[in-house]
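What the coordinates show
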Amino acid sequence: MKNSKVAKTVIIVVVLAAIILVYYYSLGHRAKRQEVEEAIAATVVQSILMRDLEHNYPPTPKEVVKYYAEITECFYNETYSDEELLQLASKIQMLYDAELVANKTQEQYMQDLRDDIVEMKGQQLTVASYEVSASTDVEYFTQNDYSCARLYCTFYLKQQGGGRVPSQERFVLRQDGDGHWKILGWELVED
């Protein structure tokens with residue numbers, strides 16, 4: 001009898017200890033999971049800015065336009081500081097061909113960018129999503145001894161309280177001396 005009472009007591013103590021350990025373990029993991037989720041949510045702009053284009057430049061025209069679209073989403077959808085806006089602008093200009101960058105002074109480019117962002121936000125427009133041409137739909141060609149590529153990106157714009165409106169743009173990219181595809185220009189495709 002005495003042994004069974006001791007055995008029951010030991011079993012109850014072990015079960016209670018296990019319950020307490022599981023409870024504290026789950027509390028610790030829940031807090032860590034919440035910290036990770038908050039860090040991910042807070043760093044959309046920062047994750048774009050952390051990409052090292054010097055050592056990890058997008059390898060294909062499609063990937064260049066995709067990264068361009070990601071930065072564009074940040075411009076119109078995210079909250080950022082003036083310093084981060086300058087960094088985002090610098091990042092997107094790294095995707096541009098030198099000829100395109102030379103078309104405007106840095107001051108004029110930044111002013112035009114700010115004006116465009118203010119206009120989009122004033123119309124309560126955001127970039128809901130985007131879709132880049134499939135790799136098989138990229139048209140490669142040669143012009144003036146340069147390797148070039150043409151592809152499309154459709155941005156789906158959303159107005160607060162409204163539906164999604166597609167806006168398709170045609171991009172032309174040119175390969176530079178380092179073999180990187182750079183955006184030479186783009187235009188809105190009219191229906």
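**Brief notes about unusual backbone geometry**
One non-glycine residue, glutamine 124, adopts positive backbone phi at about 55 degrees. What makes glutamine 124 partly exposed here is its relative accessible area of 42%. Not every positive phi belongs to a glycine, and asparagine 144 is a case in point at roughly 50 degrees. Its place among the elements puts asparagine 144 in the loop between strand 2 (139-143) and strand 3 (146-159). Overall, asparagine 144 belongs to the exposed group, its relative accessible area being 67%.

**Things to note about the pairing of strand 5 (residues 181-188)**
Here strand 4 (residues 164-175) runs beside strand 5; their pairing, made up of 7 bridges, is antiparallel. Residue pairing across strands places phenylalanine 171 opposite tryptophan 186, the latter belonging to strand 5. Counting the residues between successive antiparallel strands, the hairpin from strand 4 to strand 5 contains 5 residues, one of them, glycine 179, with a positive phi of roughly 85 degrees.

About the cut-offs
Residues numbered from 1 in each chain as written. Predicted model: local features only at pLDDT ≥ 70, side-chain atom pairs only at ≥ 80, totals over all residues. Heavy atoms only, no water. Buried < 20%, exposed > 50% of the residue type's maximum accessible area, 1.4 Å probe, protein only. Helix = DSSP H or I, 4+ residues; strand = E, 2+ residues; numbered from the N terminus. Pairing = 2+ DSSP bridges.

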